[in-house]
Amino acid sequence: PGFINLRFKSDYINGRLGKMLQDEDRLGVPPTEKPQRIVIDFSSPNIAKEMHVGHLRSTIIGDCLARLAEFQGHSVLRLNHVGDWGTQFGMLITHLKDQGFTAEKGLQDLEIGDLVDFYREAKKRFDEDEDFQDKSRKEVVKLQGGDATSIAGWKLLCQASRTEFQTIYDTLHVGLEERGESFYNPLLAGVCEDLQEKKLLEESEGAQVVFLDGNTNKDGERQPFLIRKTDGGFLYSTTDLAAIRQRVTEEKAERIIYVTDAGQSSHFSQVFEVASRAGWVPEGVRLEHVPFGLVQGEDGKKFKTRSGETVKLKDLLDEAVRIAREDMKGRIEADGLEWGETQEATSKVVGIAAVKYADLSMNRESNYRFSYKKMLALSGNTAPYMLYACARINGIRNKLGEAVKADSTIALSHPAELLLARHLLALPEMLAEVEQTLYPNKLCDYIFELSQRFNVFYENCPVAKAPTTEEKESRAALCVVTANSLKLVLTLLGIETVERL
């Protein structure tokens with residue numbers, strides 16, 4: 001078979017670019033004609049524990065997908081399904097009470113660092129002290145029964161964690177609505193009743209389960225999907241099923257996206273199948289799991305501190321900003337310039353952007369090796385390089401001054417101009433593809449290629465010293481559309497831009 005070569009007409013290219021030039025915010029990308037109600041479930045840390053490197057990918061990927069869906073014109077509900085319920089709270093509240101906590105007295109100035117140590121202390125007691133274990137189990141019953149002191153202790157633990165989580169989200173510029181596991185507690189019994197009515201629920205060794213086709217163990221025996229434990233307690237699976245019902249019926253969700261690590265793929269596959277068999281997923285509603293790989297150290301092993309502990313997310317972000325600051329400061333002082341508030345703010349933007357971009361530029365299903373040196377490099381497909389490219393093009397635009405006009409006539413002829421223009425015109429299709437496939441690395445690929453094509457254009461096509469006034473205006477317009485396209489995609493990635501780098 002041969003090939004069919006198609007070429008855009010010059011009038012088409014020039015006309016499309018003209019529309020992009022006049023539309024600084026959307027660059028001619030129309031909102032979707034069929035807006036949907038989309039729920040995106042991401043981040044999801046656990047109460048009484050600090051956010052760690054494992055929460056990084058879910059938070060960054062989920063935020064990016066939400067930004068894109070919002071830009072495309074969909075109604076997006078960003079949900080933080082925090083782990084705020086479960087048997088561990090019996091252990092924690094018992095430990096609180098042993099330290100003199102009452103509903104009236106409370107504990108003042110409880111911070112997350114203290115809370116993490118507090119969790120370790122409580123867990124140690126639970127593992128070693130049978131009497132403490134017994135009290136903890138009874139405390140769970142009190143909590144589930146609505147005991148005032150137990151509820152007060154639970155709320156205190158949740159608020160202490162929530163405050164620290166918000167610090168991380170503010171640093172990352174991520175917005176979320178918290179709706180933890182506890183929100184779905186009143187709905188769990190109804191899930192079991194409905195499954196019972198539809199004859200999907202069976203008993204297996206005293207527990208209530210659903211058997212799914214093809215779900216077998218290594219011996220070929222049917223593997224049960226647990227819904228309710230032998231002691232009557234509910235599980236994560238029950239909560240996830242209740243969440244689907246609530247999101248479809250009350251939130252009117254038409255697309256529900258879960259952003260978690262690849263290790264939960266089997267779990268969500270089973271949850272989706274049970275929900276479908278129960279009739280809780282109407283025709284046209286999409287349930288999608290967005291799996292991602294592990295963050296590894298530079299040695300390819302699990303990313304840990306030197307002492308072997310899991311890396312705290314706050315420490316990781318602080319270190320990225322510190323390295324970015326040192327690097328910038330060294331370059332600025334070498335140029336004989338002074339370090340001030342603007343440079344300090346810029347270094348923070350660069351540090352956070354580097355972490356985000358390094359993650360998002362990878363195929364999300366792959367594991368990736370975390371390297372401060374690589375992600376903060378000024379060359380290659382990195383955030384500093386993209387921020388520099390954006391600042392450089394904006395600088396060119398500013399120098400052109402009056403040559404930049406929203407109604408400039410664009411007329412391209414040089415091959416380098418056309419190479420850049422064709423890539424700019426692909427923006428709407430690229431955004432639509434990512435919206436459907438949910439692979440943010442395509443956004444990074446697009447702007448990296450865009451920066452490369454701009455470099456070729458700028459090296460071969462003089463702008464300020466163009467042969468004619470018409471060519472100067474046309475090329476200046478191409479610079480503006482490129483700068484605005486870069487800024488738009490960086491914004492969708494959750495990355496701020498800077499004036500100078």
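Bear in mind that the values here come from a model prediction, so they are computed numbers and not experimental data.

*Asks:* What am I meant to see in the pattern of salt bridges here?
*Replies:* With the rule as written, the count across this model stands at 31 salt bridges. Here Glu251 and Arg179 are joined by a salt bridge, their closest N and O atoms 2.8 Å apart. With Glu251 in the loop between helix 8 (236-249) and strand 7 (255-261) and Arg179 in the loop between strand 3 (177-178) and helix 7 (188-197), this residue pair connects regions lying 72 residues apart in the sequence. Pair check on accessibility: Glu251 and Arg179 agree, each one buried. Here Asp194 and Lys198 are joined by a salt bridge, their closest N and O atoms 3.5 Å apart. Sharing partners across several salt bridges, the network here consists of Arg37, Glu177, Arg179 and Glu251.

*Asks:* Could you clarify how one ought to interpret the side chain of Arg364 in this entry?
*Replies:* Considering the arrangement of structural elements, one finds Arg364 in the loop between helix 11 (341-360) and strand 10 (368-369). Under the relative-accessibility criterion, Arg364 is labelled buried at 5%. Residue contacts for Arg364: discarding those within four places in its chain leaves Arg57, Ile61, Val290, Pro291, Phe292, Gly293, Thr437, Leu438, Tyr439 and Pro440.

*Asks:* Would you explain the packing of helix 15 (residues 427-437) against helix 16 (residues 441-460) in this entry?
*Replies:* Two packed helices can be described by the angle between their axes and the distance between those axes. Viewed as axis vectors pointing N to C, helix 15 and helix 16 meet at an angle of 160°, and their least axial separation amounts to 9 Å. Between helix 15 and helix 16, the interaxial angle falls into the category roughly antiparallel. Handedness of the helix 15/helix 16 crossing: right-handed. Residues Leu427, Met430, Leu431, Glu433 and Val434 of helix 15 lie in contact with helix 16, whose contacting residues are Lys442, Leu443 and Tyr446. Counted by class, the contact of helix 15 with helix 16 contains six nonpolar, no polar and two charged residues.

Here is what the cut-offs are and how they apply
Residues numbered from 1 in each chain as written. Predicted model: local features only at pLDDT ≥ 70, side-chain atom pairs only at ≥ 80, totals over all residues. Heavy atoms only, no water. Salt bridge = Lys/Arg side-chain N within 4 Å of Asp/Glu carboxyl O. Helix = DSSP H or I, 4+ residues; strand = E, 2+ residues; numbered from the N terminus. Buried < 20%, exposed > 50% of the residue type's maximum accessible area, 1.4 Å probe, protein only. Contact = heavy atoms within 4.5 Å. Axes fitted to C-alpha atoms, helices over the stretch in contact; angles between N-to-C directions. Parallel < 35°, antiparallel > 145°, perpendicular 65-115°, else oblique. Left-handed = near helix turned anticlockwise from the far one by under 90°. Nonpolar A, V, L, I, M, F, W, Y, C, P; charged D, E, K, R; others polar.

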